[in-house]
Amino acid sequence: MYRFLCNININIDVDAHVPAKMSKSPTVQSTFSLPFSFSLFEPWNRCLANMGSCLEREINAFLWLSLITVTAFLLGKLAKVFEFWAKARAIPGPPSPSVYGHCHLISRSNLTDILYKCHEKYGGAVRLWLGPNRLLVSIKDTELINEVLTKAEDKSPLTGRAFHLAFGKSSFFVSSFDKVEHQRKSLELKLGGKLLERARLIPGKVLDCVIERAQITMREGGMDCEMLSQHLAFTILGATIFGDVFLTWPKATLYEELLMKSAKDACFWASYGVAPFWKQEFWKYQDSCTKVKSLTRELIQECRQDSKSEFLLDFDGHGDVRCEPCGEIISLMFHGSLTMGSLIANILTRLVSHLDIQDKIHSEIVMAQKTGRRPDQQNVDIMPNLMATVYESVRLLPAGPLLQRCSLRHDLKLKNGMVIPAAAIIVVPVQLVQTDCSNWGNDAGKFNPFRFLSRTDGSGRFISNQKELLTGCNSCIIKEPNECGAFLPFGSGARACIGQKLTVLGISSLFAALIGHYEVRLLPGSESNPKHMMNNCVLKLLPSPQIVFAKRNNGINEEAVSI
């Protein structure tokens with residue numbers, strides 16, 4: 001094209017450009033025709049052609065390099081998937097029905113029921129596919145459970161999605177144990193220190209606040225066991241963490257309502273792969289979560305000014321409210337109140353169905369009041385029947401049906417030769433383990449708190465029937481439940497619940513104060529045979545029974561709980 005434009009015949013009129021005298025010269029022609037080619041542009045033509053060719057080669061090289069890189073990356077991923085499959089094949093379990101694994105089956109049924117059937121067929125360790133590269137391994141064998149919970153210190157990144165979506169990040173849900181180990185140890189020391197002494201004093205004060213409101217409801221009928229239990233748990237935990245300021249805080253009821261509402265909706269909104277910002281209900285939910293965080297900061301500020309909550313003043317070594325990890329406090333209230341509320345409701349439901357055990361606990365409380373300890377401080381250490389009732393209740397109905405662990409970086413090599421691939425979700429079906437007849441006897445599914453009691457004569461044998469207990473009350477001691485590898489309501493290993501001592505002591509002190517002054521009865525006509533069901537990610541006995549409190553006439557010092 002360039003040569004076509006440059007090959008031009010140009011006619012030059014010389015007469016028009018030379019002087020008149022020269023025009024008469026015979027040696028000069030008046031006009032001539034010169035074929036002219038712009039050879040000056042030839043280097044530019046070649047340069048542009050070379051540049052185009054080089055650019056084309058560079059683009060082709062980049063595309064080939066990109067193709068090779070992507071192919072190598074995908075082949076590496078595919079090799080890891082095949083390696084993952086090869087390791088998982090050694091673990092017994094049902095074959096995957098499709099590329100989606102057993103997800104559809106799990107979504108239609110209770111996971112605990114599926115695991116029960118799989119363990120019955122395949123043994124103490126079972127695998128279930130949740131997708132092409134997602135594996136769930138369930139461990140029911142008690143010999144393997146302790147080893148797995150000790151070695152698998154991480155958690156799946158999906159565990160804390162519900163909480164993160166609601167209240168932001170919290171160290172309690174960090175997947176890697178290495179990143180959260182220091183915070184857990186520090187918090188465990190605080191929860192197991194002075195807060196334990198407060199846990200003995202708080203229940204009496206809580207009853208003053210809660211029972212007065214409950215009596216208003218009782219005039220119209222019974223009280224809903226679940227609602228009352230949740231309110232008791234929230235108030236106990238709030239008063240323990242924030243101090244007495246929480247009991248007189250005018251916004252405590254609003255705070256509880258917002259936090260519980262956020263807790264109920266958290267799992268639903270977290271089920272979306274992408275936050276549904278296009279839904280108006282989602283923004284209402286986010287607004288509720290924002291109000292919870294605002295109220296938490298306000299409450300922390302009031303407690304710091306009051307200077308009566310040593311836990312908050314010493315939290316992470318900072319006294320400035322701007323350094324206060326609000327998410328950590330909300331996490332304690334969020335999960336602590338759900339766990340404690342479920343356990344309190346469970347114990348109340350058991351007691352209204354076993355009035356003989358309730359009377360036995362009351363006799364212990366009367367005797368304990370004569371030991372000389374402060375009347376407002378419950379001495380639950382010398383109440384074996386009460387402690388046994390708490391342990392048996394949490395054995396039959398743990399807060400969650402599964403313990404979840406994960407090893408993000410390394411494969412887990414167990415003593416029996418089994419290898420669990422890295423990043424596989426490991427679960428321990430606590431509900432199955434704690435109701436297994438091979439671990440607890442033929443009555444494993446029945447409420448029998450006497451299994452946690454033993455003689456003091458050194459025989460060490462368990463008391464297995466109520467008649468023997470009634471004839472030897474004073475010679476019984478509580479058996480340490482954690483010595484049994486099948487007792488896992490609070491987990492085990494590095495990721496065990498850091499607040500288990502506070503929970504057990506707080507709830508035991510609550511029932512010591514409650515049963516000491518009231519007899520808890522089932523409202524006539526109320527449901528007397530509730531079933532285990534999942535509700536808001538927590539195991540509960542539903543439908544919740546209606547209960548009533550009957551004032552006792554005994555010699556206990558009325559200053560212990562004044563209502």
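Numbers given for residues are sequential positions, taken from 1 along each chain in its written order. Where local features are concerned, this predicted model is filtered to residues with pLDDT of at least 70; where side-chain atom pairs are given and counted, the filter is 80 or more; whole-chain, interface and lining totals use all residues. Calculated side-chain values reflect all of the structure's heavy atoms, with hydrogen atoms and water omitted.

Visitor: Please clarify how the overall build of the chain should be interpreted in this entry.
Guide: Counting from the N terminus, the helices are DSSP H or I runs at least four residues long and the strands are E runs at least two residues long. Assigned secondary structure in the chain consists of 21 helices and 15 strands. Exposure is judged per residue with a 1.4 Å probe applied to protein chains only, and the accessible area is read against the type maximum: over 50% gives exposed, under 20% gives buried, and values in between give partly exposed. Burial status across the chain gives 46% buried among its 563 residues. By sequence separation, contacts in the chain at least 24 residues apart represent 72% of the contacts at least 6 residues apart. For the chain, the exposed area adds up to about 29,300 Å²; of that, 57% sits on carbon and sulfur atoms. Contact between two residues is taken to exist if any of their heavy atoms lie within 4.5 Å; hydrogens are not considered. Note on areas: Shrake-Rupley with a 1.4 Å probe; residue coverage comes only from the protein chains shown.

Visitor: Explain the environment of Val 180 to me, please; I cannot follow it from the model alone.
Guide: In this fold, Val 180 is placed in helix 8 (residues 177-191). The buried category is assigned to Val 180, whose relative accessible area is 1%. Distance in space between the C-alpha atoms of Val 180 and Asp 154 is 9.8 Å, their sequence separation being 26 residues.

Visitor: So what exactly am I meant to see when it comes to the UniProt feature "binding site: heme" (unreviewed entry) in the chain here?
Guide: Here the UniProt feature "binding site: heme" (unreviewed entry) sits at Cys 497. Along the chain, the position of Cys 497 falls in the loop between strand 11 (476-478) and helix 21 (500-517). UniProt positions are given in the numbering used here, feature names are shortened, and annotations may be inferred rather than shown by experiment.

Visitor: Looking at this structure, how should I read the sheet that holds strand 9 (residues 425-429)?
Guide: Paired through backbone hydrogen bonds, the strands of a sheet run either parallel or antiparallel to each other. Two strands form a pair only when DSSP identifies at least two bridges running between them. If you trace the four strands from one edge of the open sheet to the other, you get 3-4-9-6, paired in mixed fashion. Bordering the open sheet on either side are strand 3 (125-131) and strand 6 (402-406), each of which pairs with just one other strand. Taking the axes of each pair of neighbouring strands and ignoring which way they run, one obtains an average angle of 25 degrees across the sheet. Pairing geometry for strand 4 (residues 134-139) and strand 9, over three bridges, is parallel. Bridge pairing in strand 9 links Val 137 to Ile 426. Inter-axis angles, ranging from 0 to 180 degrees, are taken between N-to-C directions of lines fitted to C-alpha atoms, where helices are fitted over the stretch in contact.

Visitor: Would you mind showing me how to read the environment of Ser 407 here?
Guide: Tracing the chain through its elements places Ser 407 in the loop between strand 6 and strand 7 (412-413). For Ser 407, a relative accessible area of 11% translates into the label buried. In this structure the C-alpha to C-alpha distance between Ser 407 and Phe 177, which are 230 residues apart in sequence, comes to 9.6 Å. Here the side chain of Ser 407 touches His 410 through a polar contact of 2.6 Å, landing on its backbone oxygen. Polar contacts, as counted here, are pairs of nitrogen or oxygen atoms within 3.5 Å of one another; within protein the pair requires one atom able to donate a hydrogen and one able to accept it, and residues that are adjacent in sequence qualify only if both atoms are side-chain atoms.

Visitor: I keep staring at the pattern of salt bridges and nothing clicks. Help me out?
Guide: Charged atoms that come close allow side chains of opposite charge to pair. Salt bridges are identified by distance alone: a Lys or Arg side-chain nitrogen within 4 Å of an Asp or Glu carboxyl oxygen. Tallied over the full model, the rule gives ten salt bridges. For Lys 87, the salt bridge identified is with Glu 83, shortest N-O distance 3.4 Å. Of the two residues, Lys 87 and Glu 83 both sit in helix 3 (residues 42-88), four residues apart, roughly one turn of that helix. For Glu 83, a relative accessible area of 43% translates into the label partly exposed. Measuring nitrogen to oxygen at the nearest pair gives 2.4 Å for the salt bridge that ties Asp 411 to Lys 87. With Asp 411 in the loop between strand 6 and strand 7 and Lys 87 in helix 3, this pair connects stretches of sequence that are 324 residues apart. What makes Asp 411 partly exposed here is its relative accessible area of 27%. The exposure class assigned to Lys 87 is partly exposed, which follows from its relative accessible area of 26%.

Visitor: Please clarify how the packing of aromatic side chains should be interpreted in this entry.
Guide: Describing an aromatic ring pair means giving the distance of the ring centres and the angle of the ring planes. Working definition: rings of Phe, Tyr and Trp (its six-membered ring) pair if their centres are within 6.5 Å, and the pair is stacked with planes under 30 degrees apart, edge-to-face with planes over 60 apart, and tilted otherwise. What the rule picks out here adds up to 14 aromatic pairs. Geometrically, the ring pair formed by Tyr 391 and Phe 452 is tilted, given 5.9 Å between the ring centres and 50 degrees between the ring planes. Linking Tyr 391 in helix 17 (residues 384-396) with Phe 452 in the loop between helix 19 (437-440) and strand 10 (453-455), this pair joins segments that are 61 residues apart in sequence. An identical accessibility class is assigned to Tyr 391 and Phe 452; each is buried.

Visitor: Mind showing me how you'd approach the nonpolar core here?
Guide: Across soluble globular proteins, nonpolar side chains have a tendency to be buried as a group. Only buried residues count toward a nonpolar core, which is a set of Ala, Val, Leu, Ile, Met, Phe, Trp, Tyr and Cys residues joined through side-chain atoms within 4.5 Å. Counting residues in hydrophobic clusters, the biggest one holds 111 residues, and the most contacted among them are Ile 139, Phe 242, Tyr 255, Ile 420 and Phe 511. Counting residues per element, this core draws most heavily on helix 15 (residues 326-353), which supplies 15 residues. When sequence neighbours within four positions are dropped, the list of residues in contact with Ile 420 reads Ile 91, Val 137, Ile 139, Asp 411, Leu 412, Leu 414 and Ile 426. Counting eleven residues, the second largest nonpolar core, distinct from the first, contains Leu 111, Val 126, Val 427 and Leu 432.

Visitor: I tried to follow the pairing of strand 3 on my own but got confused; where do I start?
Guide: On a regular strand, each side chain points to the face opposite its neighbour's, so the side chains alternate between the two faces of the sheet. Strand 3 sits mainly inside the fold: seven of its seven residues count as buried. Sheet analysis places strand 3 next to strand 4, joined by six bridges and oriented antiparallel. Paired with Ala 125 across the two strands is Ile 139, which belongs to strand 4. Hairpin geometry of strand 3 and strand 4 is characterised by an intervening segment of two residues between the two adjacent antiparallel strands.

Visitor: What am I meant to see in the sheet that holds strand 5 (residues 223-224) here?
Guide: Read across the open sheet, the three strands follow the order 5-15-12; overall the sheet is antiparallel. The open sheet is flanked by strand 5 and strand 12 (518-522), the only strands paired with a single partner. Sheet topology note: the strand 12/strand 15 (residues 546-551) ladder contains five bridges and is antiparallel. Considered in strand 15, the bridge of Leu 522 is made with Ile 547. Sitting on the sheet, helix 15 is in contact with strand 12 and strand 15, with an inclination near 85 degrees to strand 12.

Visitor: So what exactly am I meant to see when it comes to the packing of helix 15 against helix 16 (residues 355-368) here?
Guide: Axes are the key here: two packed helices are described by the angle between their axes and the distance separating the axes. With their axes 5 Å apart at the nearest point, helix 15 and helix 16 run at an angle of 105 degrees to one another. With respect to helix 16, the element helix 15 is oriented roughly perpendicular. Counted together, Leu 351, Val 352 and Ser 353 of helix 15 and Leu 355, Gln 358 and Ile 361 of helix 16 form the full contact between these two elements. Note on residue categories: nonpolar means Ala, Val, Leu, Ile, Met, Phe, Trp, Tyr, Cys or Pro, charged means Asp, Glu, Lys or Arg, and polar means any other residue, Gly included. Here the contact of helix 15 with helix 16 is composed, by residue class, of four nonpolar, two polar and no charged. By the definition adopted for this analysis, an angle is roughly parallel if under 35 degrees, roughly antiparallel if over 145, roughly perpendicular if from 65 to 115, and oblique otherwise.

Visitor: How should the pairing of strand 6 be read in this particular structure?
Guide: Among the five residues of strand 6, four are classified as buried, and the element is accordingly described as predominantly covered. In the sheet, strand 6 pairs with strand 9 via five bridges, with the strands oriented antiparallel. If you follow Leu 403 over to strand 9, its bridge partner there is Val 428.

Visitor: Sorry, what's going on with helix 21 here?
Guide: At 3.6 residues per turn, the α-helix brings residues three or four places apart onto the same side. Expected helix span is computed as 1.5 Å times (number of residues minus one). Look at helix 21: 26 Å from first C-alpha to last across 18 residues, which is about the 26 Å you get at 1.5 Å a residue. Burial within helix 21 is extensive, with 16 of its 18 residues counted as buried.

Visitor: Looking at this structure, I do not really get the packing of helix 10 (residues 225-242) against helix 12 (residues 252-270). What am I missing?
Guide: Their axes nearest at 11 Å, the elements helix 10 and helix 12 cross at an angle of 115 degrees. When the interaxial angle is binned, helix 10 and helix 12 end up roughly perpendicular. The element helix 10 and its partner helix 12 pack so that their crossing is right-handed. Between helix 10, through Gln 230, His 231 and Phe 234, and helix 12, the contact on the second element is made entirely by Ala 252, Tyr 255, Glu 256, Leu 259 and Met 260. Of the residues contributing to the contact of helix 10 with helix 12, the split by class is five nonpolar, two polar and one charged. A clockwise turn of the near helix away from the far one marks a right-handed crossing, whereas an anticlockwise turn of less than a right angle marks a left-handed crossing.

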